[in-house]
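If you want the building blocks of each chain, they are given just below.
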Amino acid sequence: MNIAIVKYNAGNIYSVDYALKRLGVEAVITSDKEILTKADKVIFPGVGEAETTMNYLREQKLDLLIKDLKQPTLGICLGMQLMCRHSEEGNADCLGIFDIDVKKFQPKRHEDKVPHMGWNTLTNTNSDLFKGFEKEEFVYFVHSFYVPLNDYTAATTDYILPYSSALHKDNFYATQFHPEKSGAVGERILRNFLDL
Amino acid sequence: MLAKRIIPCLDIKDGQTVKGTNFVNLRKAGDPVELGRAYSEQGADELVYLDITASHEGRKTFTDLVKRVAANISIPFTVGGGIHELSDVDRLLSAGADKVSINSSAIKNPQLIDDIAKHFGAQVCVVAIDAKQTKFGWKCFLNGGRIETDKDLFDWAKEANERGAGEILFTSMDHDGVKTGYANEALATLSDLLTIPVIASGGAGNMEHFKDTFVKGKADAALAASVFHFGEIKIPELKHYLCAEGINVRL
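Computed from a predicted structure; not experimentally measured.

Reading the values: rules and limits
- Residues numbered from 1 in each chain as written.
- Chains lettered and ligands numbered in written order.
- Predicted model: local features only at pLDDT ≥ 70, side-chain atom pairs only at ≥ 80, totals over all residues.
- Heavy atoms only, no water.
- Helix = DSSP H or I, 4+ residues; strand = E, 2+ residues; numbered from the N terminus.
- Buried < 20%, exposed > 50% of the residue type's maximum accessible area, 1.4 Å probe, protein only.
- Lys, Arg positive; Asp, Glu negative; His and termini not counted.
- Salt bridge = Lys/Arg side-chain N within 4 Å of Asp/Glu carboxyl O.
- Contact = heavy atoms within 4.5 Å.
- Pairing = 2+ DSSP bridges.
- Buried area = accessible area lost by both parts, 1.4 Å probe.
- Polar contact = N/O pair within 3.5 Å; in protein donor to acceptor, adjacent residues only side chain to side chain.

1. Section: the side chain of Glu89(A)
All names here are of chain A.
Step number 1: Note that Glu89 resides in the loop between strand 5 (86-87) and strand 6 (92-93).
Step number 2: Salt bridges are absent for the buried Glu89, whose nearest opposite-charge side chain, Lys104, sits at 7.7 Å.
Step number 3: Not counting the four nearest positions on each side in its chain, Glu89 is found in contact with Gly48, Glu49, Ala50, Glu51, Leu78, Gln81 and Phe145.

2. Observations concerning the sheet that holds strand 10 (residues 145-146) of chain A
Residues and elements named next belong to chain A.
Step number 1: In spatial order, the strands read 6-5-7-10; together these four strands make up an open sheet with mixed pairing. Unpaired on one side and paired on the other, strand 6 and strand 10 mark the two borders of the sheet.
Step number 2: For strand 5 and strand 7 (residues 101-104), the ladder comprises two bridges, and the chain directions are parallel. In the strand pairing of strand 7, His86 is matched with Asp101.

3. Details of the pattern of salt bridges
All names here are of chain B.
Step number 1: With the rule as written, the count across this model stands at 27 salt bridges over all chains.
Step number 2: Close ionic contact of Arg68 with Asp31 constitutes a salt bridge, the shortest N to O distance being 3.8 Å. Of the two residues, Arg68 is situated in helix 2 (residues 56-72) and Asp31 in the loop between strand 3 (24-28) and helix 1 (32-42); the sequence distance between them amounts to 37 residues.
Step number 3: Asp31 gets classed as partly exposed once you look at its relative accessible area, which sits at 26%.
Step number 4: Of the charged contacts, one joins Lys179 and Glu232 as a salt bridge, the two residues approaching to 2.6 Å between their closest N and O atoms. With Lys179 in the loop between strand 10 (167-172) and helix 7 (184-193) and Glu232 in the loop between helix 9 (226-229) and helix 10 (235-244), this residue pair connects regions lying 53 residues apart in the sequence.
Step number 5: Classification of Lys179 as partly exposed rests on a relative accessible area of 31%.
Step number 6: When its relative accessible area of 44% is taken as the criterion, Glu232 is described as partly exposed.
Step number 7: A single salt-bridge network, built from bridges that share partners, covers Arg5, Glu46, Lys99 and Glu167.

4. Describing the environment of Thr171(B)
Residue and element names in this part refer to chain B.
Step number 1: Among the secondary structure elements, Thr171 is positioned in strand 10.
Step number 2: Thr171 sits in the buried class, given a relative accessible area of 8%.
Step number 3: Put simply, Thr171 and Ser201 are 30 residues apart on the chain and 4.5 Å apart in space, counted from C-alpha to C-alpha.

5. Overview of the pairing of strand 6 (residues 99-102) of chain B
Residue and element names in this part refer to chain B.
Step number 1: Of the two faces of strand 6, both are covered, the one formed by Lys99 and Ser101 as well as the one formed by Val100 and Ile102.
Step number 2: Relative to strand 6, strand 5 (residues 77-80) is paired through three bridges, and the arrangement is parallel. Considered in strand 6, the bridge of Thr78 is made with Lys99.
Step number 3: As defined by bridge partners, strand 6 adjoins strand 7 (residues 125-134) across three bridges and the pair is classed as parallel. If you follow Val100 over to strand 7, its bridge partner there is Cys125.

6. A short note on the interface of chain B and chain A
Step number 1: The partner chain A presents 26 residues to the 35 residues of chain B that form the contact.
Step number 2: For the chain B and chain A pair, buried surface summed over both sides reaches about 2300 Å², with 55% attributable to carbon and sulfur atoms.
Step number 3: Of the charged contacts in the structure, one is a salt bridge between Asp220(B) and Lys113(A), with a shortest N-O distance of 2.9 Å.
Step number 4: The interface formed by chain B and chain A contains 14 residue pairs in polar contact (both at pLDDT 80 or more).
Step number 5: Secondary-structure elements contributing two or more residues to the side of chain B that touches chain A are helix 2 and helix 7 of chain B.

7. Examining the pairing of strand 7 of chain B
All names here are of chain B.
Step number 1: Where burial is concerned, most of strand 7 is hidden: seven out of the ten residues are buried.
Step number 2: Bridging between strand 7 and strand 10 involves six bridges; their strand directions are parallel. Bridge pairing links Ala131 to Ser172 in strand 10.
Step number 3: One ladder, built from five bridges, connects strand 7 with strand 8 (residues 137-142); its direction is antiparallel. Each bridged residue has a counterpart across the sheet, and for Lys132 the counterpart in strand 8 is Lys139.
Step number 4: Connecting strand 7 to the antiparallel partner strand 8 that follows it, the hairpin turn spans two residues.

Right, here's the structure in full:
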């Protein structure tokens, strides 16, 4: 199985590679269009800022390529937000795979600290990514912007308000949390993606 | 609901784990990667690796260790010690660390906080503060607690918050290593003052101390070292205890 990780100007790409290695899978980290298009599965990870990374993706013409991928593709954290229509972070137009806009968290109480950082639970999971889940599992989050609930919501998390902690549409899957940093539960989610 | 975090801290010297009592008398406590993996499997929520080696060679050993930790451990980890400029942050994040913790270098050059937040994101930047109660109030200390400054704990924590720190890791030097509980009064003040998470450090001796720092100290996370390294508190038991006490933890 050929797994490709999209290489671009975002941080934390190597964490995903390490997590796949722990599952015994050798991925290729690349921005090569042919390798990405031909891979069996593509992972689009990222930690960074929406506008800067979108500009880079456009310059490299990776934006159109990612939108047109036909194989199972997994966006993680910033990757998920970039797959949406628009982000309030830097007022950035994004890839538009998911027809929904990314918002900034607005704290309601002093306890509502932003970024949302740490372990929180997944509820209403309804995607093959969460196959075998028997309870509300904890996964690791670090983010200041969120995707509201919408038709593509594949898991819900409650922080300040209930929002989409995972999305799914056709061959595109996305998680706001970091499966590569979410211990055994995260490994199960990555394994489920590899088994799609 | 967001869980309260339990964070074992590993002090690293020449690639090995050590832990001091009141910052002196270092004792060896195992291989850092093996220890980290064991904690991760027991349910630790994050790990902190603190490089207490000063030499240039030690730096390289530590960077290699960070790579091994990233390859082997599936929970987030923070690294600290010897971070003076953006290139140090870049080196450690590139090696696979999720966050960096800066302490003395932030007091000496507060702009470093702004720069890290701008280049790598606020979530990456943990500002660690060692402070001690003096007759003039809580004062910050430099260089592992060896040099007193005139910086007030609360003023400095607020400034760090405003400059773009993602978290504050507050160690009470009066409480560190003496196992009589965390500095909950100061922690609660910090928690009310700041808009970012506060990690309590220094003073854990029994399981009740953790409950107290979450309830009375309003801490978002609790860090400890020796009680975990020497098996005096086991993380699964601690988490079940906290859960039974009504505290939201990841089980």
